[in-house]
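Inside the fold
Here's the letter readout for the chains.
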Amino acid sequence: MRTHLCGELRAEHAGETVKLCGWVAHRREHGEHLAFVDLRDRSGVVQCVLDGSVEARSEWVLQVEGQVRRRPAGSENSDIPTGEVELAQCEVTVLSKAETPPFGLDERVAADEHARLRYRYVDLRRKRMQDNLRMRSRVLQALRESMLRQGFCEVETPLLWTPTPEGAREFAVPSRLRRGEFYVLPQSPQIAKQLLMVGGIDRYFQVARCLRDEDLRSDRQFEFTQLDIEASFVSASDVRDAVADAVLAAMRAALDDPGAGVPHDPGAGAPLAGIPGGIEVLSWHDAMDRYGSDKPDLRIGRPLADWTEVFARSEVRALSAPACKALCIPGGANLSRARLDALVDRAKALGAAGLAWFRVGERDPAGKAVLDSPLDKFLTDDQREAIVGEAAAAPGDLLLAVASEWRLACEVMGALRVETASLPDGTPAGSPAALRGGMPTAARAVTPGSLAYCWVVDFPLFDGVDEEGMPVPAHHPFTMPHPEDIERLSSDPASVRALAYDLVLNGWELGSGSIRVHDPDLQASIFDVLGISEQDAESRFGFLLRALRSGAPPHGGFAVGVDRFVALLAGEESIREVIAFPKTQSGGDPLTDAPKPLDARVLAELGLALRGEPGSGN
Ligand code: ASP
């Protein structure tokens, strides 16, 4: 139906007769007899000069045959790649008419998100969505190619599955043939991929859809995509190397080819550099201690300072709790008292008893450090010197400090570290606008230099206790305890580290994984520590324990969150911008109106009876 794509016509095509297909992006009348129509397809737009009598309205679908010619001097448009040419002597065939579009497709105008999702098929015609979905496709292709190159085998695992204890609420699917019984949609292929290892597959991957029936408070979706990986006879660093290869290949594929559908000339740009020196590895303890977060945003310098020793034996009660962590805000001494009070309130909201602040002044004539703070009168010269030194603070800086238990002090200062930082482009580093409630109209420009990766390793095996006082697995209960800590599994579970690792990008957890327990006795004792009785373990995971008893290789794996990864690469704040048909934050689909009530007949067939009105929550 066509000889060219709209967006690929250039001056060198002048004189050629071409056939194009696309949508009417824009129409301008020119006098009585002429109309300029911008025709749009996946590659971009080109101007067509039509006879004014030709009917062709916004979003109609046309086939246009015409001759490419250079635009008259002075009327070129340098904003678009086809701006030097136009199509003249056009023969137009209307392939499809369109109702008036629900919103304008101009990129610079923010359309209401509900309308965008309701008419997603129109919204997808925007360049931004086209670019994002094409980038997503390149990312998936590069991830797959890397996996295949590294000897991994793609295996599909069932969607109709059984509950697995990975911490999320699961979607249930009623069985028609066995009334009263349910399948569960996988929150991840975790157990299936471990069974593949027992089955000798050795290196598995899958671009896996995962489903979690979680509240969509933040930027989450019920269903999401992971690059899911598992490998046998590997160390944790082997797994990390395999993941890094795939992730960095995908980053290059995403950023090296921003063309929207136009075949890319690989010689056109210099290849992107990798990450010099590889991806930094931080222990969980160091990540918390230095950055106050298990997903540190390394775009922000400013590690936390440790004032614990400075105040360990001091009378300054506000600073002498078990740990004292501090943060230097360069140039922050001029923050108003109201801003400082707001920071104090924020620290309290995060759980701290208070927040100490010190404005760093010029040194006095005797060369001593000078601070402005309600606490200053309690400090000795040595303490002043020590805290300025520890935080590498200069005159004009602001120092903030919290004293409490180590983990709380780290977490509070870690949150303030992010919330008070600005990125080099001036945007706040803290929660993206999408999470604050706004939707930016344009994506941010992304370069490899604006992407800061790190590995966080040796997480605690457990993360606190549940309502019954039982330890909660920090990752999932199939995670291998650190060999040096295994003997404390029953006596001091809180101190046991795991062979678990996360990949972090710009303060987001891009994925997580671990070496797994392959010894059935150790797995049984972990279930025991978690308060899962032998009987319960047998009925829920008997199949896994039996598999582990049949000759299980040591194995480990990882899962990369593809939606978040693509959003970061595309400079988008919300993953909804990189998913073709996402749900809204209240879990609805404005396009199909799902979820919807089922016919009484279907319910009866499934053996289900409803309690309460359809559409009500619980
Ligand atoms: N199943 C884990 C998850 O979905 C990933 C892994 O441990 O490989 O987070």
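Above: the structure in question.
Residues numbered from 1 in each chain as written. Predicted model: local features only at pLDDT ≥ 70, side-chain atom pairs only at ≥ 80, totals over all residues. Heavy atoms only, no water.

1. Re empty space enclosed by the protein
- Applying the stated rule across the entire model yields 2 cavities of 30 Å³ or more.
- Together, Phe 152, Arg 203, Ala 231, Val 234, Asp 238, Val 239 and Ala 242 line the largest cavity.
- No other element matches the 3 residues that helix H5 (residues 236-256) contributes to the lining of the largest cavity.
- Its residues placed into classes, the lining of the largest cavity shows 5 nonpolar, no polar and 2 charged.
- Split into classes, the residues belonging to the lining of the second largest cavity amount to 6 nonpolar, 2 polar and no charged. (1 Å grid on protein atoms, 1.4 Å probe; cavity = no way out; pocket = protein on both sides within 12 Å on 5 of 7 lines; lining within 4 Å. Points joined across faces, edges and corners; volume = space filled by probe spheres on them. Helix = DSSP H or I, 4+ residues; strand = E, 2+ residues; numbered from the N terminus. Nonpolar A, V, L, I, M, F, W, Y, C, P; charged D, E, K, R; others polar.)

2. Some thoughts on the environment of Leu 399
- Summarising the element assignment, Leu 399 is placed in strand S16 (residues 398-404).
- Leu 399 sits in the buried class, given a relative accessible area of 0%.
- Between the C-alpha atoms of Leu 399 and Arg 546, which are 147 residues apart in sequence, the distance is 57 Å.
- If we ignore the near neighbours within four places in the chain, the residues touching Leu 399 are Trp 307, Leu 327, Cys 328, Ala 356, Trp 357, Phe 358, Val 360, Ile 387, Ala 391 and Ala 393. (Buried < 20%, exposed > 50% of the residue type's maximum accessible area, 1.4 Å probe, protein only. Contact = heavy atoms within 4.5 Å.)

3. Observations regarding the sheet that holds strand S6 (residues 153-154)
- A sheet is described by the order of its strands in space; here 8 strands give the open sequence S6-S9-S10-S22-S21-S20-S17-S11, paired in mixed fashion. Only two strands of the sheet have a single neighbouring strand rather than two, namely S6 and strand S11 (280-283).
- Pairing geometry for strand S10 (residues 223-232) and strand S22 (residues 555-561), over 7 bridges, is antiparallel. Note that in S22 the partner of Leu 227 across the bridge is Val 560.
- Each of strand S9 (203-211), S10 and S22 touches helix H4 (residues 190-198); the most contacted strand, S10, lies at about 25 degrees to it.
- Packing against the sheet, H5 makes contact with S10, strand S17 (453-457), strand S20 (500-505), strand S21 (508-515) and S22, and its axis sits at approximately 160 degrees to S17. (Pairing = 2+ DSSP bridges. Axes fitted to C-alpha atoms, helices over the stretch in contact; angles between N-to-C directions.)

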